[in-house]
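# Chain and residue survey
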Amino acid sequence: KFSFFSTDDAAEVQLGGYDPDTTQGTMWYTPALSRNDFIVGVNSLKFGQSHGSSVELLAFKSETQRKFGAPSIMDSGTSCLVIPADHMQGQLSNVPWDDFARNWGKEKSFWLEIGEKTWEIPFSSWYLADTEQTCVQPSPEGMQGLLVGDVFFREYVVEFDMTDSRPIIGIAPLNKQYTPVTKNQLANYELHQAPKAKLSLLKGEEVMYPAEHSETLTAVDRIPIVNQKGTQYFMDVSVGTPAQPFTVIFDTGSTVFGVFSYKDKLPDTIKKELPGYYFSQNLKTLAQSSGGPVAALQVGGSSGAAPFGFGGVLQSRGLLGGLVVVNAALIGVVVAVGRRARRSGYVAMGETPVGV
């Protein structure tokens, strides 16, 4: 398990749990809705000057739908709060994005209800004063639910517990007086953990419970994260033997870990799991067609490639079957997918712990 939080100019990952000094209050836990993703149900999303006078942006048509909530990914790879721009396949009687735009105003907050607990995202987090921009976005076509991005992680410490068959999400207010570390630090703390005996996933009956305290000591490794202009988080990892350093995007919304590698030098164990078109000589990159030094991400062999800036960093949101080719020589390899990495021994991030 690990936890993550951010400030305006720094961020930190804590492996093994969370440091109680980083929180201002109790850590509350709820089971994820998926076995493979960090998804929680948001039962209510309000917007206004105060919670009591705010407008409900998730007008569910039935109480059953409201109890289950809108599936929402706790996503460190998304900068803003992304809300539905449609009726969520008929579940809502309104369009949340339209109601937000209609009621937009400064000094207003969002209130998310998760597991019968309400969490505020204040104006100072979702409005970027330096650039005078609103960090709230409409969901892309076809997406059902919310993306809870960095505007949330700047207010709360979020723990991702994968020690059971289904992830457990913990949320606690961030201690704004805490200063993120600038180098790796290992420390021991009294154990605060999820009350797993109380957490059961019954559709429409998800409830958050407070952490259980124990005098047992647990080791937590605190790792600094580079906060790139408050919009993207980077960390350094080492892969392979001998260890090779890579800078990667820290993204809890992705199920894969991708790095650049020479495709002809991949281990046979990986080559056997990749489709034959990975090694086709007919593959073309955006760099070849445009002459620019860019990487091309192509999922499932489709022709619609999406550009990413070249520099040794790859963020892949696809499942096994995505590839990156740079100047026809390099390929970004999905070395593990989700929980499968625990068995394969490769490196993965997101829904699988970082490890070798």
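Residues numbered from 1 in each chain as written. Predicted model: local features only at pLDDT ≥ 70, side-chain atom pairs only at ≥ 80, totals over all residues. Heavy atoms only, no water.

## Digging into the pattern of salt bridges
The final tally for this structure, using the stated rule, is 6 salt bridges. Arginine 154 is the salt-bridge partner of aspartate 8, the closest N and O atoms lying 3.9 Å from each other. A residue pair is termed long-range when its members are at least 10 positions apart, and aspartate 8 in the loop between strand S1 (2–6) and strand S2 (11–15) and arginine 154 in the loop between helix H4 (150–153) and strand S14 (156–161) qualify at 146 residues. With a relative accessible area of 65%, aspartate 8 lands in the exposed category. What makes arginine 154 buried here is its relative accessible area of 9%. Note that aspartate 19 is salt-bridged to arginine 222, the shortest N-O span being 3.5 Å. With aspartate 19 in the loop between S2 and strand S3 (28–31) and arginine 222 in strand S18 (residues 212–228), this pair connects stretches of sequence that are 203 residues apart. Comparing aspartate 19 with arginine 222, the two get one shared label, buried. In this structure, a network of salt bridges that share partners links the residues Glu63, Arg66 and Glu113. (Salt bridge = Lys/Arg side-chain N within 4 Å of Asp/Glu carboxyl O. Helix = DSSP H or I, 4+ residues; strand = E, 2+ residues; numbered from the N terminus. Buried < 20%, exposed > 50% of the residue type's maximum accessible area, 1.4 Å probe, protein only.)

## Considering the packing of aromatic side chains
Within this structure, the stated rule accounts for 22 aromatic pairs. Residues tryptophan 126 and tyrosine 127 carry aromatic rings whose centres are separated by 6.3 Å and whose planes lie at 80° to one another, so their mutual orientation is edge-to-face. Residue tryptophan 126 shares its accessibility class with tyrosine 127, and that shared class is buried. Grouped by ring-pair contacts, the aromatic residues Phe47, Trp97, Phe100, Trp104, Phe110, Phe123, Trp126 and Tyr127 constitute a single cluster. Directly above the ring of tryptophan 28 sits lysine 117, whose terminal nitrogen or CZ lies 3.9 Å from the centroid. (Phe/Tyr/Trp six-rings, centres within 6.5 Å; stacked < 30°, edge-to-face > 60°. Lys NZ or Arg CZ within 6 Å of the ring centre and 35° of its normal.)

## Digging into the confidence of the model for the chain
Scored by pLDDT, the chain comes out at a mean of 74, with 68% of its residues at no less than 70. For the chain, helix H7 (residues 341–344) is the element with the lowest average pLDDT, namely 26, and strand S5 (residues 55–56) is the one with the highest, namely 98. Taken together, the stretch residues 283–356 has pLDDT below 50 and engages in 198 contacts with residues farther than four places along the chain or on a different chain. (pLDDT = per-residue confidence, 0-100. Contact = heavy atoms within 4.5 Å.)

## Quick look at the state of the cysteines
Tallied over the full model, the rule gives 1 disulfide. One disulfide bridge connects cysteine 80 with cysteine 135, the sulfur atoms lying 2.0 Å from each other. Note on the cysteine 80 and cysteine 135 pair: the S-S dihedral is about -85°, so by sign convention the disulfide is left-handed. Highlighted residues: cysteine 80 in the loop between strand S6 (70–74) and strand S7 (81–83) and cysteine 135 in the loop between strand S11 (133–134) and strand S12 (136–138), separated in sequence by 55 residues. (Disulfide = S-S within 2.5 Å.)

## A look at the environment of isoleucine 169
Relative to the assigned elements, isoleucine 169 resides in strand S15 (residues 168–173). What isoleucine 169 contacts, discounting residues up to four positions off in sequence, is Trp28, Tyr29, Thr30, Ala32, Phe38, Val40, Met74, Val158, Glu159, Phe160 and Met208.

## Considering the side chain of threonine 252
Looking at the secondary structure, you find threonine 252 in the loop between strand S20 (244–249) and strand S21 (256–262). When its relative accessible area of 1% is taken as the criterion, threonine 252 is described as buried. Reaching out from threonine 252, the side chain makes a polar contact with the backbone oxygen of methionine 74 at a distance of 2.7 Å. A distance of 2.9 Å separates a polar side-chain atom of threonine 252 from the backbone nitrogen of serine 76. (Polar contact = N/O pair within 3.5 Å; in protein donor to acceptor, adjacent residues only side chain to side chain.)

## Here's the deal with the pairing of S6
Because side chains alternate across S6, one face comprises the buried residues Ala70, Ser72 and Met74, and the other comprises Pro71 and Ile73, none of which is buried. Direction of pairing for strand S4 (residues 39–48) relative to S6: antiparallel, over a ladder of 4 bridges. Bridged to glycine 41 within S6 is proline 71. With 3 bridges connecting them, S6 and strand S13 (residues 146–148) associate as parallel partners. Bridge pairing in S13 links isoleucine 73 to leucine 147. (Pairing = 2+ DSSP bridges.)

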